[in-house]
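# Structural overview
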Amino acid sequence: MSRINLKSAATLREPTELVAHGLASAADLPDLEKVAARYAVAVTPDIAALIDPGDPDDPIARQFIPSAEELVAQPGENADPIGDHAHSPVAGIVHRYPDRVLFKLVHVCAVYCRFCFRREMVGPGKATALSSNAYNGALDYIRAHSEIWEVILTGGDPLMLSPRRLGEIMADLAAIDHVKIIRIHTRVPVADPARISAEMVAALKVEGAATWVALHANHARELTRKARAACAAMIDAGIPMVSQSVLLRGVNDNVAALEALMRAFVECRIKPYYLHHGDLAPGTAHLRTTLEHGQQLMRDLRGRVSGLCQPDYVLDIPGGYGKAPVGPSYLSQANSPLGEGELEPETRYRVVDYCGDVHRYPPKP
Ligand code: SF4
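Residues numbered from 1 in each chain as written. Predicted model: local features only at pLDDT ≥ 70, side-chain atom pairs only at ≥ 80, totals over all residues. Heavy atoms only, no water.

## Remarks on the site of the ligand
Applicable threshold: Proximity criterion: a residue is near a molecule or strand once any of its heavy atoms comes within 4 Å of it. Each residue receives one of three labels: charged for Asp, Glu, Lys and Arg, nonpolar for Ala, Val, Leu, Ile, Met, Phe, Trp, Tyr, Cys and Pro, and polar for the others, Gly being one of them.
Around the ligand sit Cys-109, Val-111, Tyr-112, Cys-113, Cys-116, Arg-187 and His-216, and those are all the residues in its vicinity. The residue inventory of the shell around the ligand, partitioned by class, reads five nonpolar, one polar and one charged.

Take a look at the structure:
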């Protein structure tokens, strides 16, 4: 493997830079310029160093290096695929479920994922952060809704804020009596682990609310030694972590890759939480799998790793109707199509074990 050394380099943001560093082909440049004019591009030195330029199917490159396929939108794809706008009562807030809100503080990220469900909303060309008025309006909204127990800082990536600003925001939220949980969704520990400084960790800890951090990573190789150290710094400080991954064709859509990813999370003391089915974001069809394939992968995963390593496979229902678990079911009624033959009337259920074998419940006396 001939990975490039970009230790001292800056984040790559232009297709010409990707070509110059051997991460994209010069022949593709005209198309990549068109993609970059529409969707933000950023590849940090830490991520660039993970890419094998000699591998046309590199699973890290597929996540971050733009592709001409992004210029092709499929029917059903949508600029707001999970319906954030339909549930945004004030700027910066998405209130989809009664007891929690998304609080979108910034519109920038350390890296830009080619499958991003908010790709029409994030990037340097978009508003970079909430204005002071909008921030205060969002806080007022949270204060006025006593049912809000959990505030999820997302974006954009909230860990792109300075520790000082993040600390102020955490304190503002924790001062609201009914806010008990502040959850931070981030890709920074893998994309730019040096940002997880002692000051950043201190900013995340706050009196009056519990902080949780949800790490977005999709391939075990993203959990480098530096990324693991960044996560350990937060966990050792008392901040529990969960994971979020997206099921992506050519990245993690085989059981060995998923198994390695989930084991890596657990080794880092990060509980696998969600495996998202790819959202219908424009120009991302080449990275999506089918739901049937996702379900089969979840069955295969259950046969190989413990419950600690099992994420929930979820689909965000287009239109803003929220998440639905879409993993396979292991229990069925006796007369359902699962399994062979008829069961005695007193045997009401069939249940499938981790090897795929079907059993009766209650067992035949
Ligand atoms: S880090 Fe999250 S918000 Fe940013 S580009 Fe990736 S998926 Fe989108």
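## A look at the pairing of strand β1 (residues 93-97)
Definition in use: Exposure classes here rest on a 1.4 Å probe applied to the protein chains alone. A residue is buried below 20% of its type maximum, exposed above 50%, and partly exposed in between. Strands here are runs of E lasting at least two residues and helices are runs of H or I lasting at least four, both read from the DSSP assignment and numbered beginning at the N terminus. What makes two strands pair is DSSP finding at least two bridges between them.
Burial analysis of β1 places four of its five residues in the buried class, the great majority of the element. Bridging between β1 and strand β2 (residues 100-104) involves three bridges; their strand directions are antiparallel. Counterpart to Ile-93 in the pairing with β2 is Phe-103. Between β1 and the antiparallel strand that follows it, β2, lie two residues.

## Considerations on the nonpolar core
Our working definition: Definition used in this section: a nonpolar core is a set of buried Ala, Val, Leu, Ile, Met, Phe, Trp, Tyr and Cys residues joined via side-chain atoms within 4.5 Å. Contacts are residue-level and defined by heavy atoms, with any inter-residue pair within 4.5 Å sufficient.
With 93 residues, the main nonpolar core has Phe-103, Ile-142, Val-151, Leu-153, Leu-173 and Leu-215 as its most contacted residues. With sequence-adjacent residues up to four places away left out, Phe-103 is seen in contact with Gly-92, Ile-93, Leu-130, Tyr-135, Ala-138, Leu-139, Ile-142, Val-151, Ile-152, Leu-153, Thr-154 and Leu-173.

## As for the sheet that holds strand β11 (residues 349-352)
Short version of the rule: Helix axes are fitted only over the stretch in contact, all axes being lines through C-alpha atoms; the angle between N-to-C directions runs from 0 to 180 degrees.
The strand order across the open sheet built from three strands is β10-β11-β12, with neighbouring strands paired in antiparallel fashion. The sheet is open, and its two borders are formed by β10 (331-333) and β12 (358-361), each paired with just one other strand. Across the sheet, the mean angle separating the axes of adjacent strands is 30° when strand polarity is ignored. Alignment of β10 against β11, held across three bridges, turns out to be antiparallel. Paired with Ser-332 across the strands is Arg-350, a residue of β11.

## Remarks on the sheet that holds β2
With mixed pairing, the nine strands of this open sheet are ordered in space as β1-β2-β3-β4-β5-β6-β7-β8-β9. Edge positions in the open sheet fall to β1 and β9 (323-325), since each of these has one partner strand only. On average, adjacent strands in this sheet sit at an angle of 30° to one another, irrespective of strand direction. One ladder, built from three bridges, connects strand β7 (residues 270-276) with strand β8 (residues 312-316); its direction is parallel.

## Some points on helix α5 (residues 132-144)
Our working rule: Here the expected span of a helix is defined as 1.5 Å times the quantity of residues minus one. Taking the helix axis as origin, the arc is that swept by the directions to the C-beta atoms.
Over its 13 residues, α5 extends 18 Å from the first C-alpha to the last, a length consistent with the 18 Å expected when each residue adds 1.5 Å. For α5, the full list of buried residues reads Ala-134, Tyr-135, Ala-138, Leu-139, Tyr-141 and Ile-142. One side of α5 holds all its buried residues, which, seen down the axis, span an arc of 155°. Along α5, exposed side chains directed more than 90 degrees from the buried face belong to Ser-132, Asn-133 and Ala-144. In this fold, the buried residues of α5 make contact with β1, β2, β3 (150-154) and α6 (163-174).

Just geometry here; none of it tells us what the structure is for.
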